[in-house]
Amino acid sequence: MTARMDVLLGAQWGDEGKGKVVDVIAPGYDIIARFQGGPNAGHTLIFDGRKHVLHTIPSGIFRAGTMNLVGNGVVIDPVIFLKEIQALKAAGVDVRDNLLISRRAHLILPTHRALDAASEADKGTSKIGSTLKGIGPTYMDKTGRNGLRVGDLELPDSIDRFRALVKKHERLLALYDRPGAAKEAEEEWLAAAEVLRNMPLVDSEHYLDQALRSGKRILAEGAQGTLLDIDFGTYPFVTSSNTISAGACTGLGIAPNRIGKVVGIFKAYCTRVGSGPFPTELNDAAGERIRQVGHEFGSTTGRPRRCGWLDLPALHYAVMINGVTELAMMKADVLNNMPDLQVCTGYRVNGKTTDRLPYDISGGIEPILERVDGWGDLSTDVPLPTGLERYIAMIERHVGVPVTLVSLGPDRAETVHRRTALVH
Ligand code: GDP
Ligand code: IMO
Ligand code: MG
């Protein structure tokens, strides 16, 4: 029996705190591998009084002895990738020894970014609220079989392939009345692509297979969150990849029967950036308080995040879709000293009560909220305050899996490993 690969992913709309947890648990793994998304992600790590934000590079990069792999399911913008590497270098991390890139990962071109912007502008008020990193157009080219892959950079005709794709994009940009929109970014992109070409490129499915056979421990790091999944999220207000655990199989070339634990990351409340349904959204003082105390502003775009109460049916859905085996609850400290908390236990849609997000909610959706007691201040000592334990017990009861880690602050050290609670 070979080792298995664990998966860690977002159980809400992204920004749950995945980066922090990966950094905390990375010493227990030999390899951390990203399986989807790209520079739309912003994973924040804080330790030794310093903050680092990663976009494409896995969050195990600061742990000596941990290999980090950018898998085939990821889309890479060489310019952003190079900037990340330079920022890491400035922070004293040389990635040459512990970063590998799959040849099968697709490349984001400047024209993909221009197409993303053009498409969003064209949608007007119904825009997705994309991060404008070119994610959608790049995945469209992947599934449309037009894409340029990292491995293509090693081929003698790579520049011809690049030019052919740019030409195709120029025709589309002309339709949007934006010809030449990405022209001036080309030179920098080609220079960064050259750097990428000289980095350790691997056939990552074979690399990971070998690693598992030799007993190495692998953690797959998700980006975005379950409710942004292209199939199971709040379509069309989603990202363009499979953010769920199944995406770790296709995004890394790992067979489903080799998946071990699936760790779902969620906040003690909910946030969302960009457009789309958000049943528990708070447009009041409580929402503003959470935004300010939780510093809920995007790590990638700086946009204010929409804030709301914890949505248990949505979390339960994430547990089901991903086969979550355990949960990590983040940012409990943000709710400190709030005497009145609310939690969503169902929805009212067209006068009917349900615990499922229906296909069509254009007619509106009303959350059914239950008041729960809050707690005072927190410390990173166990036991946790009774109020918080009660809150966690209610979540476990509702979703049927244990909360094994509780995060009480952004720093690596502000983390409590809970005993594996028995699910009631
Ligand atoms: P990710 O995309 O899932 O990795 O999450 P982000 O990094 O985009 O957003 C999470 C934010 O919350 C970051 O600013 C983290 O530093 C911060 N954070 C993570 N865990 C905690 C926590 O337990 N408490 C507080 N107050 N902040 C946290
Ligand atoms: P991490 O990994 C939160 C959102 C965008 C937009 C939608 C589509 O940091 O959790 P895209 O650029 O992917 O076409 O945008 O998805 N989005 C995220 N929201 N966290 C993220 O990543 C996100 N990546 C994309 O705001 O609504
Ligand atoms: Mg983020």
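Everything here concerns the structure above.
Only a predicted model underlies this, so the values are computations on that prediction, with no experimental measurement involved. (Residues numbered from 1 in each chain as written. Chains lettered and ligands numbered in written order. Predicted model: local features only at pLDDT ≥ 70, side-chain atom pairs only at ≥ 80, totals over all residues. Heavy atoms only, no water.)

**What to know about the coordination of the magnesium ion (ligand 3)**
Formally: Here the coordinating atoms are restricted to nitrogen, oxygen and sulfur within 2.8 Å of the metal centre, or 3.2 Å for Na, K and Ca, and because water is not among them the sites may look incomplete. Helix and strand assignments come from DSSP, with helices taken as H or I runs of at least 4 residues and strands as E runs of at least 2, each series counted from the N terminus.
For the magnesium ion (ligand 3), the full set of protein donor atoms is Asp15 (OD) and Gly42 (O), at a range of 2.0 to 2.2 Å. On the criterion of sequence distance, the pair formed by Asp15 in the loop between strand E1 (5–10) and helix H1 (18–25) and Gly42 in the loop between strand E2 (31–34) and strand E3 (43–47) is long-range, its members being 27 residues apart.

**Re helix H10 (residues 312–322)**
Threshold: Throughout, exposure labels follow a simple rule: accessible area from a 1.4 Å probe, protein chains only, divided by the maximum for the residue type, with under 20% read as buried, over 50% as exposed, and the rest as partly exposed. Under the rule applied, a polar contact is a pair of N or O atoms within 3.5 Å (in protein, one hydrogen donor and one hydrogen acceptor; residues adjacent in sequence only if both atoms are side-chain atoms).
Among all positions in H10, only Leu312, Pro313, Ala314, Leu315, Ala318, Val319 and Asn322 are buried. The backbone nitrogen of Ala314 has a side-chain oxygen 3.1 Å away, supplied by the residue at the start of H10, namely Asp311. Positive phi appears at Gly323, one or two residues downstream of H10, with a value of about 65°.

**Describing the pairing of strand E10 (residues 218–221)**
Inclusion rule: Pairing between strands is defined by DSSP: at least two bridges between the two strands are required.
Every second residue of E10 is oriented toward a common face, with Ile218 and Ala220 on one face and Leu219 and Glu221 on the other, all of them buried. As defined by bridge partners, E1 adjoins E10 across four bridges and the pair is classed as parallel. Bridge pairing in E10 places Leu8 opposite Glu221. Across four bridges, E2 lies against E10 in parallel orientation. Within E10, the position partnered with Ala33 by the bridge is Ala220.

**Here we look at the site of ligand 1**
Put simply, the rule reads: The cutoff for a nearby residue is simple: one of its non-hydrogen atoms must lie within 4 Å of the molecule or strand. Only the protein chains shown count as cover for residues, and all accessible areas are computed by the Shrake-Rupley method using a 1.4 Å probe. Under this grouping Gly is polar, as are all residues other than the nonpolar Ala, Val, Leu, Ile, Met, Phe, Trp, Tyr, Cys and Pro and the charged Asp, Glu, Lys and Arg.
Close to ligand 1 lie 20 residues; Gly17, Lys18, Thr44, Asp333 and Ser407 are nearest. Between ligand 1 and Asp15 there is a distance of 2.9 Å, counted from an oxygen atom to a side-chain nitrogen or oxygen. Taking Gly42, its main chain carries an N or O atom lying 2.8 Å from an oxygen atom of ligand 1. In isolation ligand 1 exposes 580 Å². Once the protein is present, 93% of that is buried. If you list the elements that add at least two residues to the shell around ligand 1, you get H1 and E3. Along the lines of polarity and charge, the residues of the shell around ligand 1 split into five nonpolar, eight polar and seven charged.

**So, the packing of helix H2 (residues 78–90) against helix H6 (residues 186–197)**
So the rule is basically this: To get an axis, a line is fitted to the C-alpha atoms, and for a helix only the part in contact is used. The angle between two axes follows their N-to-C directions and goes from 0 to 180 degrees. Oblique is the label for any angle not covered by the other classes, which are roughly parallel (under 35 degrees), roughly antiparallel (over 145) and roughly perpendicular (65 to 115). Each helix crossing is assigned a hand: it is left-handed if the near helix lies turned anticlockwise from the far helix by less than a right angle, otherwise right-handed if that turn is clockwise. Contacts are assigned to residue pairs with any non-hydrogen atoms lying within 4.5 Å of each other.
Contact pair H2 / H6: the axes reach a minimum separation of 8 Å and the direction vectors enclose 60°. Comparing the axis directions of H2 and H6 gives the class oblique. Of the two possible hands of crossing, H2 and H6 adopt the one that is left-handed. Of the residues in H6, those touching H2 at Pro78, Val79, Phe81, Leu82 and Lys83 are Glu188, Trp189, Ala192, Ala193, Val195 and Leu196.

**Here's the deal with helix H7 (residues 204–213)**
Going by this rule: Our arc is simply the arc of the directions from the helix axis toward the C-beta atoms.
Residues Ser204, Glu205, Leu208, Asp209, Ala211 and Leu212 constitute the buried set of H7. The arc that holds the buried residues of H7, viewed along the axis, is 160°, so those residues lie on one side. Facing away from the buried side of H7 by more than 90 degrees, the exposed set consists of His206, Gln210 and Arg213. The elements touched by buried residues of H7 are E1, E2, strand E5 (67–70), strand E7 (99–102), strand E9 (201–202) and E10. One or two steps after H7, the chain reaches Gly215, where phi turns positive at roughly 85°.

**A look at the packing of aromatic side chains**
We apply this condition: Centre distance within 6.5 Å is the pairing criterion for rings of Phe, Tyr and Trp, where only the six-membered ring of Trp is used; planes under 30 degrees apart are then read as stacked, over 60 as edge-to-face, and the remainder as tilted. Any Lys NZ or Arg CZ found within 6 Å of a ring centre and within 35 degrees of that ring's normal is scored as a charge over the ring.
Evaluated as defined, the whole model comprises four aromatic pairs. When the centroid spacing of 5.1 Å and the interplanar angle of 50° are considered together, the rings of Trp13 and Phe278 count as tilted. Residue Trp13 is located in the loop between E1 and H1, and its partner Phe278 is located in the loop between strand E12 (270–272) and helix H9 (285–293); the two are separated by 265 residues in the primary sequence. Of the two residues examined, Trp13 and Phe278, each falls in the buried class. Ring centres of Phe162 and Trp189 lie 4.9 Å apart, and the angle between their planes is 20°; this geometry places the pair in the stacked category. With a gap of 27 residues between them, Phe162 in helix H5 (residues 158–175) and Trp189 in helix H6 connect regions that are remote in the sequence. It is Arg412 that lies over the ring of Phe47; its NZ or CZ is 3.8 Å from the centre.

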